[in-house]
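Below are the chains, spelled out letter by letter.
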Amino acid sequence: METSNGIQDKSLQSAASFKAFLLTSSTKSNMNVYEHLTQLLMKVMDEQPQNVVDVIEDMSLDVKRATFEGMQSTLRDLPQITAAELLAEQQHLLFSRPEDADREEELVETPLPNVSETGFYLEQAGVGLAREEMQRVFLALKQLVETQALMRCRLWGKILGIETSYIVAEAEYREGEEDEEQSTDEEAADGEGRKAETHLTENETDPLPQSTYKPPPVVPKEARGTGANKFVYYVCQDPGLPWVKLPSVTPAQITVARQIRKFFTGRLDTPVVSYPPFPGNEANYLRAQIARISAGTQVSPQGFFQAGEEEGEEEDETPRDSYEVNTDFEGRQVAEMVESLSFWVHHTQHILKQGRCTWVNLAVRPGEDSNEEDVEEKEEEPDEPEPEVGPPLLTPLSQDADMFNTPPWSSKMSSTLTSQHAVAVLRSNLWPGAYAYACGKKFENIYIGWGLKYAGEGYSPPVPSMPQKEYPSGPEITEALDPSLEEEQALKDSLEEQQAAQEEMEDTEEGEEEDDD
């Protein structure tokens, strides 16, 4: 009797466990086998179809479908537009032409260069962009010229980034264009000065200790149209996207850019985290690197440009910053330009260590009245800084110095088999990605790279400066050793003897005065 009860209990336990297993819900549909079989059997009982065994699978699918009918919607989600489709829509505007466009505009001299011809010669040199991309860039430059009313524009190059790249366009500075950045800087300086004045007036009763640190004088940036700010640069991530005008570059940004190495992200508003701290975001860092690359790699055949005529007698004191096209230039042979770097010259000003193309004396404040006596005193001062002088314009490339035992330039011929139709190609080893070609009276410069200078075998970041001292050290705050008991007794005896001798002298002086009376 007991054995039969035990067997019955075990069967009940196994049945309960099996029922619990059937009640386990699915992780995908949130259904379980028990409820599904219950609904399926109820459907069979209600319909009682013939040959149930043959249609049981279809009925099971109908039961599942009925469960999900209420959850489904008649509306379907629209497919998401991909980034490639968005870019194609924006680039579609490049290929459209307004119906009211006059055909007479084609006869007018355009400020755009022949990008297709430039792309052909760069292809012969083994460098450049793809033909389709060059055509889209050409149309994007045309759109830039029409929207900004530029006098001259050319493709400067392409700077690669981690996320996206920058297509850079170089435009000529327009005279009369107001410098909005200068006005904003002046307003910011006025605001800081007012804050400082209000801070001082609030703390007149209990003034805070003032710092004795004097920061070095700020090197003023060069005006628009001169030096490192001679040209204006626009960038875009892809042809068809809006062009963004880069701000003017400052000497501080160029100085710090020479000490750091950072890859570009492709977003202009990205902060530049580095040591030394960079004064600006990625847009300012991009502009500083463009100025450095242009100053070191913008070259042309010797004789294509000639020094411009300047009025006045200050030609010998200040370096020339202008040139003009030599109409008598007849071109040079490709073999000569490949064999010797003396037939190539720099036509962009060199950037000095100060971060400017023209040196400025920071000891003389602008607007300060200078008399002849002050000039003589300043000449006698030994701390007068020596002016920096860089190489003049149109200096041959043969005078460029080697760096890290590496020649600064490499030249070659595009084809040695058909040398009569070849192109002279010049490559910069200090700025990988900078190329130039020359063929007859035609030449062009382009940069396609990461925007970093060759740094030799390896790069070591600069060491942080020494921490500033908390207080000046001197004898009045230097801790001294405590005197011993014998030293204290000897000092006390010497003081007593001095006091006794002083009292005796006073007594003798009083006695002499009484005798005189």
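The rules behind the values
Residues numbered from 1 in each chain as written. Predicted model: local features only at pLDDT ≥ 70, side-chain atom pairs only at ≥ 80, totals over all residues. Heavy atoms only, no water. Pairing = 2+ DSSP bridges. Helix = DSSP H or I, 4+ residues; strand = E, 2+ residues; numbered from the N terminus. Contact = heavy atoms within 4.5 Å. Axes fitted to C-alpha atoms, helices over the stretch in contact; angles between N-to-C directions. Expected span 1.5 Å × (residues − 1). Buried < 20%, exposed > 50% of the residue type's maximum accessible area, 1.4 Å probe, protein only. Phe/Tyr/Trp six-rings, centres within 6.5 Å; stacked < 30°, edge-to-face > 60°. Salt bridge = Lys/Arg side-chain N within 4 Å of Asp/Glu carboxyl O. Parallel < 35°, antiparallel > 145°, perpendicular 65-115°, else oblique. Left-handed = near helix turned anticlockwise from the far one by under 90°. Nonpolar A, V, L, I, M, F, W, Y, C, P; charged D, E, K, R; others polar.

With mixed pairing, the eight strands of this open sheet are ordered in space as S4-S3-S2-S1-S12-S11-S10-S9. Every other strand in the sheet has two partners, leaving strand S4 (244-245) and strand S9 (409-413) as the edge strands with one partner each. Running at roughly 130° to strand S1 (residues 153-159), helix H6 (residues 131-148) makes contact with S1, strand S2 (166-172) and strand S3 (231-236) of the sheet.

Attention now goes to the environment of Gln 420. Within the fold, Gln 420 resides in the loop between S9 and strand S10 (424-428). Counting along the chain gives 86 residues from Gln 420 to Val 334, while the straight-line C-alpha distance between them is 8.4 Å.

This next bit is on helix H9 (residues 282-297). Over its 16 residues, H9 extends 22 Å from the first C-alpha to the last, a length consistent with the 22 Å expected when each residue adds 1.5 Å. Within H9, 15 of the 16 residues are buried, which leaves it mostly tucked inside the rest of the structure.

Once that is clear, we can look at the packing of aromatic side chains. The tally for this structure, following the rule as stated, stands at 13 aromatic pairs. Between the aromatic rings of Phe 263 and Trp 450, the centroid separation amounts to 5.5 Å while the plane-to-plane angle is 85°, which identifies the pairing as edge-to-face. With Phe 263 in the loop between helix H8 (251-257) and H9 and Trp 450 in the loop between strand S12 (442-449) and helix H12 (485-516), this residue pair connects regions lying 187 residues apart in the sequence. Phe 263 sits in the partly exposed class, given a relative accessible area of 48%. Within the aromatic cluster, the residues linked to one another by ring pairs are Phe 304, Phe 305, Tyr 323, Phe 329 and Phe 443.

Let's shift gears to the pattern of salt bridges. Here the structure, examined in full by the defined rule, presents ten salt bridges. A salt bridge links Arg 65 to Asp 62, with the shortest nitrogen-to-oxygen separation between them at 2.9 Å. One end of the pair is Arg 65 and the other is Asp 62, both in helix H3 (residues 52-69) and three residues apart, which spans about a single turn. Its relative accessible area of 48% is what places Arg 65 among the partly exposed residues. Residue Lys 158 pairs with Glu 133 through a salt bridge whose shortest N-O separation is 2.9 Å. Taken together, the positions of Lys 158 in strand S1 and Glu 133 in helix H6 put the pair 25 residues apart, joining distant regions of the chain.

Turning our attention to the packing of helix H5 (residues 115-125) against H6. For any two helices packed against each other, the geometry is given by the interaxial angle and the distance between the axes. For the pair H5 and H6, the least separation of the axes is 9 Å and the interaxial angle reads 150°. As far as their axial angle goes, H6 and H5 are roughly antiparallel. Judged by the twist between their axes, the crossing of H5 over H6 is right-handed. Residues Val 115, Ser 116, Gly 119 and Glu 123 of H5 touch H6, and the partners they reach there are Arg 131, Met 134, Gln 135, Phe 138 and Leu 141. Looking at the contact of H5 with H6 residue by residue, the class counts come to four nonpolar, three polar and two charged.

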